[in-house]
Amino acid sequence: MIALVAAGSGCASTWETMTSRRFRDKPFETMFGTEDPLTVLRQDPDGEARAKAMRRLKEPAANGRPQAEQDEVMQILSTAATSDPSPWVRMAAIDALGKFQDSRTVETLAAAYYQASGRTEPEAQPAPVVVTAGGRTPGVPVERFGLHGPQGFPSDQAANIRGRALEALARTGRPEAVEFLARVAGGQELPANDDPAAAEFVRQRAVAGLGQVRSKEAVRALARVLAAEHGKDVTLTHLAHGGLVSLTGQDHPADPQEWNAVVQAGFEIAPE
C-alpha cells in the first residue's frame, strides 16, 4: 500500500521556518506568507520557503503579467518539478503547474512523471522538459530528503510524485493530458521494474484523474479500463465505473457491455 504524502506541516515545519535565515531577515513575511511568491522563488531560499511560495503562486499570464514573467515562472516550476532534490518541492511545483493554462504544462508534467524517481541517470522513457533548466538547483542538503546519488527517492515517494503529476494533468483538462492519463490507466507509460504496489497506485491515480476530466475522450478511456479490468482488479473497476457515472450522469451497473453500448450510442457529458 502506498501512503499519500502530504507536504510538511505542523510543529516540524514551524520550527524549520522559525530557525531559517529567511525568518531572521523577514520574520513577519516568512511566518504569514505575505511576501510576493515570485520574489521568494527568484531569491532561491530553502526548500520549505520555495514550496510555500509555489502554493501561493498565481499564473502571470492569467493575471495580465508580461510574457517574460510567464516564461520565467514556467522555467522555475519546470526545473523544480523535474529535478529538485526535495520531493516536497517537486510536488508543490507540480500542484502549481496543474492550475496553469499554459500549453506547456502537459509536457512539463509528463516530464515530472517520468523523472519522479529522483535518480541522476536518465529514466527509461524520459519526456522532454519544456523549458531548459537555466536556474540553479536550490541548495538543499540532499541527505535531509533521502536522496543520495543515483538510487533516488524511495519507491513510495516516487509513486506519490507520479500520482501528483497525474492529478495535476487531470486538472488541466487538456486533450493531450487525457491521452497521457489513458495510457497510464491502461498499464502503459509505467516505469520499468517499478514496485508492483507503486505501479498499482499510479494506475489508480490515472483512472481517478480521468474521472475528473469532463470530456468524451475521458469517458471512452474509462470504458476501456472497465472492459479490461472487470473481474480482475476491483479497485480499478470501481474507479472507472464511478468516473463513468459521474461524467455521463447515467447510473448503469459496472458492466462493460452496458457502458460500451453507451459509448457506441453516443452520450453527453453531465453538468457538474
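Structure's up top.
Computed from a predicted structure; not experimentally measured.

Taken as a whole and assessed by the stated rule, the structure comprises 14 salt bridges. We note a salt bridge from Arg171 to Asp95, for which the minimum N-O separation is 3.8 Å. You can see Arg171 sitting in helix α9 (residues 155-172) and its partner Asp95 sitting in helix α7 (residues 87-97), a full 76 residues away along the chain. Owing to a relative accessible area of 42%, Arg171 belongs among the partly exposed residues under this scheme. Linking Glu217 and Arg224 is a salt bridge whose minimum nitrogen-to-oxygen distance equals 3.6 Å. Accessibility expressed as a relative area gives 46% for Arg224, which makes it partly exposed. One network of salt bridges, in which partners are shared, links Asp71, Asp102 and Arg104.

For the rest of this paragraph, the subject is the packing of helix α8 (residues 105-114) against helix α10 (residues 175-185). The contact between α8 and α10 brings their axes to 10 Å, and the two run at 25°. Here α8 is positioned roughly parallel relative to α10, judged by the angle of their axes. In this structure, α8 meets α10 at a crossing whose hand is right-handed. Taking contact as the criterion, the partners of Val106, Ala110, Tyr113 and Tyr114 in α8 are, on α10, Glu176, Ala177, Phe180 and Val184. A per-class count over the contact of α8 with α10 returns seven nonpolar, no polar and one charged.

So, on to helix α14 (residues 256-265). When α14 is considered as a whole, its buried residues turn out to be Pro256, Trp259, Val262 and Val263. Summarising the axial view, the buried residues of α14 lie within an arc of 120°, below the 170-degree limit, and thus occupy one face. Turned more than 90 degrees away from the buried face of α14 sit Gln257, Gln264 and Ala265, all of them exposed. Contacts made by the buried residues of α14 are with α12 (216-229) and α13 (234-248).

The next thing to look at is the nonpolar core. Membership of the largest hydrophobic core comes to 65 residues, with the highest contact counts inside it found for Met54, Leu77, Ile94, Tyr113, Leu166, Phe180 and Leu210. If we skip the residues at most four places from it in the chain, Tyr113 touches Arg162, Ala165, Leu166, Phe180, Val184, Glu189, Leu190, Pro191 and Val202.

For the structure on display, the rule yields three aromatic pairs. When the centroid spacing of 5.3 Å and the interplanar angle of 85° are considered together, the rings of Tyr113 and Phe180 count as edge-to-face. Of the two residues, Tyr113 is situated in helix α8 and Phe180 in helix α10; the sequence distance between them amounts to 67 residues. The pair formed by Tyr113 and Phe180 is uniform in burial state, with each residue classed as buried. With a centroid separation of 5.8 Å and 85° between ring planes, the pair formed by Tyr114 and Phe180 is classed as edge-to-face. In this pair, Tyr114 is assigned in helix α8 and Phe180 in helix α10, connecting sequence segments 66 residues apart. The pair formed by Tyr114 and Phe180 is uniform in burial state, with each residue classed as buried. One aromatic cluster is present, formed by Tyr113, Tyr114 and Phe180 through successive ring pairs. Taking NZ or CZ as reference, Arg162 lies 5.8 Å from the ring centre of Tyr113, over its face. Sitting over the ring of Phe267, Lys216 keeps its end group 5.7 Å from the ring centre.

Taking 1.5 Å per residue, 14 residues should reach 20 Å; α12 reaches 20 Å between its end C-alpha atoms and fits that length. All of the buried residues along α12 are Ala218, Val219, Ala221, Leu222, Ala223, Val225, Leu226 and Glu229.

What counts, and at which threshold
- Going along each chain's sequence as written, the residues are numbered from 1 onward.
- Confidence filtering applies because this is a predicted model: local features only for residues at pLDDT of at least 70, side-chain atom pairs given and counted only at 80 or more, and all residues used for totals across whole chains, interfaces and linings.
- Processing note: side-chain calculations cover all non-hydrogen atoms of the structure and skip hydrogens and water entirely.
- Any carboxyl oxygen of Asp or Glu that lies within 4 Å of a side-chain nitrogen of Lys or Arg is treated as forming a salt bridge with it.
- By the criteria applied, helices consist of DSSP H or I runs no shorter than four residues and strands consist of E runs no shorter than two, each listed in order from the N terminus.
- Whether a residue is buried, partly exposed or exposed follows from its accessible area with a 1.4 Å probe, protein chains only, as a fraction of its type maximum: under 20%, in between, or over 50%, in that order.
- For helices, the fitted axis covers only the stretch in contact; all axes are lines through C-alpha atoms, and the angles between them, taken along N-to-C directions, range from 0 to 180 degrees.
- Any angle between 65 and 115 degrees counts as roughly perpendicular, while under 35 counts as roughly parallel, over 145 as roughly antiparallel, and the rest as oblique.
- With the far helix as reference, a near helix turned anticlockwise by less than a right angle produces a left-handed crossing, and one turned clockwise produces a right-handed crossing.
- Any pair of residues with heavy atoms lying within 4.5 Å of one another is described as a contacting pair.
- Amino acid classes used here: Ala, Val, Leu, Ile, Met, Phe, Trp, Tyr, Cys and Pro are nonpolar; Asp, Glu, Lys and Arg are charged; the rest, including Gly, are polar.
- Each C-beta atom gives one direction from the helix axis, and the arc is the one those directions make.
- What is meant by a nonpolar core is a set of buried Ala, Val, Leu, Ile, Met, Phe, Trp, Tyr and Cys residues, joined one to another through side-chain atoms within 4.5 Å.
- Aromatic pairs are defined between Phe, Tyr and Trp rings, using the six-membered ring for Trp, whenever the two ring centres lie within 6.5 Å; interplanar angles under 30 degrees are classed as stacked, those over 60 as edge-to-face, and all others as tilted.
- The criterion for a charge sitting over a ring is simple: Lys NZ or Arg CZ within 6 Å of the ring centre, and within 35 degrees of the ring normal.
- Here the expected length of a helix is defined as 1.5 Å per residue gap, with one fewer gap than residues.

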